[in-house]
Amino acid sequence: MTGKNAKILLQVRDLAATVVGVEILKGINLTVRAGEVHAIMGPNGSGKSTFAKVLAGHPAYSVTGGAVQFEGQDLFALAAEARARAGIFLGFQYPVEIPGVSNSAFMRLAYNTVQGARGKEELDPLEFDDHVREKMKLLDMNPGFLDRSVNDGFSGGEKKRNEILQMALLEPRLAILDETDSGLDIDALRVVAGGVNHLRSPDNAVVLVTHYQRLLNYIVPDYVHVMDDGRIIKTGGKELALELETRGYDWVVDEYKKVGAAV
Amino acid sequence: MSVSAGHPYVEALLQGSRGLPPSPLSWLNQRRAQALERANALTVPTTRDEEWRFTDLSPLTKMHFQPVQAAGALTLTLSDIEGMLVPEAGLRLVFVDGMFAPALSALDGLPAGMQFANFAQGFKVGAALAEKHLACHVGFDDNVFAALNTSYLRDGALITLAKGVVCAAPVHLLHIATQKEAASYPRCLLIAGSGSECMLIEDFVSLQDGAYLTNAVCEIVLEADARVRHVRLQRESLNAFHIANCAVVLEKDAVYQSHAVALGARISRHNLNVVQNGEGAEMKIDGLALISGRQLADTHTLMDHARPHGKSTQLHKCIAGGAAHAVFNGKVFVREGAQLTDSAQQSRNLLLSPKAHVDTKPQLEIFADDVKCAHGATVGQIDAEQLFYLKSRGLPEAQARNLLTYAFGAEIIDRIPVPSLVARLERTVLEQTQTGQQPS
Ligand SMILES: Nc1ncnc2c1ncn2[C@@H]1O[C@H](COP(=O)(O)OP(=O)(O)OP(=O)(O)O)[C@@H](O)[C@H]1O
Ligand SMILES: [Mg+2]
């Protein structure tokens, strides 16, 4: 989708991170340019969600090495909320339920905070209601979800749709979508993927964490990365995903180990 | 409770009661005299008293409160209290420093068969009913605050509903504190005849931020099949002392539902005793204390099942910030013969700062063998995953915390069936959590 000259949005160098003293990320390197779609695949427990949460600023993870630049600035100098305002969006693998916080009030607060940070117009509750309903149409979402508490009692697929709705509202520069496809039925997958595609532009980028090739039929990646044991061990084009689908991960791991042994 | 002759503090508080003009009702004079006798014999409880173990009243005993001056009630105008009105409630009784303020009250449009008046007016028709119940349900034999209140018994709110009368809109009983260093003795008696229905909003507010004492007593009687909803808001000044005793008596199949919210006062104590006197009666009791700074809020409830087939549900929540201290003691009593009682009690507590603390003590005492009783207590902090979720959408830390704090309280607040109060409480809670967060 883009050339090598497009602006670099995210530059990750040798990123290492621990949780409760255990090293999970062991040196990740990744460059994401404006306009690109990256897919990150890899076995369970390989560190994909950890990587996503470290980028979003989750306090449970400590960065122990490496550096990340987002649009030229040191990402780790920013608190989680500042990263969101700067344009990073994490679509959670497991969105949390927050009983008692109204979904619409929450989304309006988030929207206005992010808009304010960008020097753009904030919306009052009525204006916001119109705006969010437009976005919901795009995702084929029932407006009834506005009146409910955030994710409270939502089905797995409904939670994922609610994540993409927030993405649509916040219009991030870099969206990191952690298994947004899992839990979605076949029709929902198409709708949600359509929503994501609709939001793509030459100025922003998407990182998709997924286990399945199917999502990548709808959102076609420029790069497919394989993560294993806290590292990206292989990077290829969209055809790599197809190959992984048929062959699994073992061969990639073996290949990586051989190269490692040879060095 | 310990007993001593003429405790100096109580003695000082009693000074004004002796000069009260006698009532034309001899039974009332008698009850006052009995209460005075008890007040003279009792002393202010200390933390050595089991019922006051966590609540130290010594700051109260260091203050010397004067009986209220009559002036306050006379000088206020409607525009002074505009912000306190509840639009849903067409009927309103206002007491200023414990004294009836007719000019501030709104008493037109009472449904037939219902009384909503101060005692002086209400006793013209309702004296016999009052005689049967007034000062009969909140005992003053071993409760110094109830004894003090009763010895001062002069005026109060009388609410009566004849058999089958339904008052659709809530009625607002507004107590306004205007005088510093004064002690006031609000009083309320509600008698809901069989099959009648009403909603009482009992509301304690202040127009000043000084120290004063509100010592309130409320008695509520539900005859068979009556339904009463009781919204209680305690929004006293942050330097005030608020002590309240409320007793509720339920006859057969009556339903009492209470929503008590405590926001104000330096030290507050709310005793709520609900007695199920008839078969099949039901009580649903919600409580929320939201405190910060150096506030102490103590709620003692008793759900007393004396007859079979009773049902009680209780959810009490405390949110404590700063160095605040919340106390909850919830007793469920199932007497012999109160078979097939179904009772569920939950105490949930949220601590917003390391210095805040809560003492929660659910107590079950069961003397019947075929009953279902569940209870539980939790104390926790703001959930880190929820906080991160909100922040990951750009919300500042403080706002995210406030939202989660609010959400914790919302479960109680949202059940109050008065939209304007819900909206007002939402704002108050958000503001109070904000100020509660600032380092002192
Ligand atoms: N808070 C935590 N405490 C302890 N271990 C953790 C924590 N968070 C992650 N881990 C561990 O880190 C490793 C990587 O987890 P992560 O969630 O990043 O994997 P993943 O690649 O996203 O897996 P999946 O495909 O199953 O979602 C796992 O072994 C996991 O158990
Ligand atoms: Mg994961």
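Analysis parameters
- Residues numbered from 1 in each chain as written.
- Chains lettered and ligands numbered in written order.
- Predicted model: local features only at pLDDT ≥ 70, side-chain atom pairs only at ≥ 80, totals over all residues.
- Heavy atoms only, no water.
- Helix = DSSP H or I, 4+ residues; strand = E, 2+ residues; numbered from the N terminus.
- Rg over C-alpha atoms; globule rule 2.2 N^0.38 Å.
- Buried < 20%, exposed > 50% of the residue type's maximum accessible area, 1.4 Å probe, protein only.
- Contact = heavy atoms within 4.5 Å.
- Areas by Shrake-Rupley, 256 points an atom, 1.4 Å probe, with all protein chains shown as cover.
- Lys, Arg positive; Asp, Glu negative; His and termini not counted.
- Charge placed at Lys NZ, Arg CZ, Asp CG, Glu CD.
- Donors = N, O, S within 2.8 Å, 3.2 Å for Na, K, Ca; no water.
- Domains from an automatic or database assignment.
- Buried area = accessible area lost by both parts, 1.4 Å probe.
- Salt bridge = Lys/Arg side-chain N within 4 Å of Asp/Glu carboxyl O.
- Polar contact = N/O pair within 3.5 Å; in protein donor to acceptor, adjacent residues only side chain to side chain.
- Nonpolar A, V, L, I, M, F, W, Y, C, P; charged D, E, K, R; others polar.
- Pairing = 2+ DSSP bridges.
- 1 Å grid on protein atoms, 1.4 Å probe; cavity = no way out; pocket = protein on both sides within 12 Å on 5 of 7 lines; lining within 4 Å.
- Points joined across faces, edges and corners; volume = space filled by probe spheres on them.
- Near = heavy atom within 4 Å.
- Axes fitted to C-alpha atoms, helices over the stretch in contact; angles between N-to-C directions.
- Parallel < 35°, antiparallel > 145°, perpendicular 65-115°, else oblique.
- Left-handed = near helix turned anticlockwise from the far one by under 90°.

## A short note on the overall build of chain B
Piece 1. Of the regular secondary structure elements, chain B holds nine helices and 21 strands.
Piece 2. Its C-alpha atoms give chain B a radius of gyration of 21 Å, within 12% of the compact-globule value 22 Å for 440 residues.
Piece 3. Projected onto its principal axes, the C-alpha positions of chain B cover 70 × 50 × 50 Å.
Piece 4. Per-residue burial for chain B yields a buried fraction of 59% across its 440 residues.
Piece 5. Long-range pairs, those at least 24 residues apart, make up 84% of the contacts in chain B between residues at least 6 apart in sequence.
Piece 6. Counting every atom, chain B has about 16,600 Å² of accessible surface; 52% of that belongs to carbon and sulfur.
Piece 7. One finds the centroid of the 38 positive side-chain charges in chain B at a distance of 2 Å from the centroid of its 44 negative side-chain charges.

## Describing helix α1 (residues 48-56) of chain A
Piece 1. Counting buried positions along α1(A) yields eight of nine residues, so the element is predominantly enclosed.
Piece 2. Turning to α1(A), its buried residues number three or more, namely A:K48, A:S49, A:T50, A:F51, A:A52, A:V54, A:L55 and A:A56.

## Things to note about the coordination of the magnesium ion (ligand 2)
All names here are of chain A.
Piece 1. Summarising the metal site, the magnesium ion (ligand 2) is bound by the protein donors S49 (OG) and Q93 (OE1), whose distances to it range over 1.9 to 2.1 Å. With S49 in helix α1 and Q93 in the loop between β6 (88-91) and β7 (98-102), the pair connects residues that are 44 residues apart, well separated along the chain. With respect to class, S49 is no different from Q93; both count as buried.

## A short note on the domain arrangement of chain B
Residue and element names in this part refer to chain B.
Piece 1. Each assigned domain of chain B is listed with its residue range as follows: domain 1 (8-278) and domain 2 (388-440).
Piece 2. Placing the centre of domain 1 and that of domain 2 at their C-alpha centroids yields a distance of 30 Å.
Piece 3. Each side of the interface is counted separately: domain 1 has 16 residues, and domain 2 has 11 residues.
Piece 4. Between domain 1 and domain 2, the buried area comes to about 1,100 Å², and carbon and sulfur atoms account for 69% of it.
Piece 5. Per-residue buried area on domain 1 facing domain 2 is highest for E88, H259 and L263; these three make up 39% of the total on that side.
Piece 6. Applying the counting rule to domain 1 against domain 2 returns zero salt bridges.
Piece 7. Scanning the region where domain 1 abuts domain 2 turns up three residue pairs in polar contact (both at pLDDT 80 or more).
Piece 8. Taken together, the elements giving at least two residues each to the side of domain 1 that touches domain 2 come down to β9 (197-206), β11 (227-235) and β13 (255-262).
Piece 9. When residues of the side of domain 1 that touches domain 2 are assigned to their parent elements, the largest contribution, four residues, is made by β11.
Piece 10. Taken together, the residues of the side of domain 1 that touches domain 2 break down into 11 nonpolar, two polar and three charged.

## Focus: the sheet that holds strand β4 (residues 61-70) of chain A
Residues and elements named next belong to chain A.
Piece 1. Taken in spatial order, the four strands make up an open sheet running β2-β1-β4-β5, and their pairing is antiparallel. With partners counted over all chains shown, the strands left at the sheet margins are β2 (22-33) and β5 (73-74), one partner each.
Piece 2. Inspection of the sheet shows strand β1 (residues 8-19) paired to β2 by nine bridges, in the antiparallel sense. Paired with A16 across the two strands is K26, which belongs to β2.

## Some thoughts on the layout of surface pockets
Residue and element names in this part refer to chain B.
Piece 1. Considered as a void within the structure, the largest pocket measures approximately 640 Å³ in volume.
Piece 2. Residue lining of the largest pocket: 25 residues in total, with E51, D142, N143, N271 and N273 positioned closest to the centre.
Piece 3. Those elements giving two or more residues to the lining of the largest pocket turn out to be β12 (241-250), β14 (267-276), β16 (296-305) and β18 (325-334).
Piece 4. Along the lines of polarity and charge, the residues of the lining of the largest pocket split into 10 nonpolar, nine polar and six charged.

## Let's talk about the site of ligand 1
Residues and elements named next belong to chain A.
Piece 1. The full set close to ligand 1 counts 15 residues, and G45, K48, S49, T50 and H211 are the nearest of them.
Piece 2. The backbone of G45 places a nitrogen or oxygen atom 2.9 Å from an oxygen atom of ligand 1.
Piece 3. Contact distances for ligand 1 include 3.0 Å between an oxygen atom and a backbone N or O atom of G47.
Piece 4. Starting from 640 Å² of accessible surface for ligand 1 in isolation, the protein chains cover 62%.
Piece 5. Top element by residues in the shell around ligand 1 is α1. It accounts for three residues.
Piece 6. For the shell around ligand 1, the class distribution of residues is five nonpolar, eight polar and two charged.

## Quick look at the packing of helix α2 (residues 26-41) of chain B against helix α6 (residues 144-151) of chain B
Residue and element names in this part refer to chain B.
Piece 1. One way to put it is that α2 packs onto α6 with a least axis distance of 8 Å and a crossing angle of 140°. The orientation of α2 relative to α6 falls into the category oblique. The hand of the α2/α6 crossing is left-handed. Packed against α2, whose contacting residues are R31, R32, A35, L36, R38 and A39, the element α6 presents V144, A147, L148, T150 and S151 at the interface.
Piece 2. Residue classes in the contact of α2 with α6 are distributed as six nonpolar, two polar and three charged.

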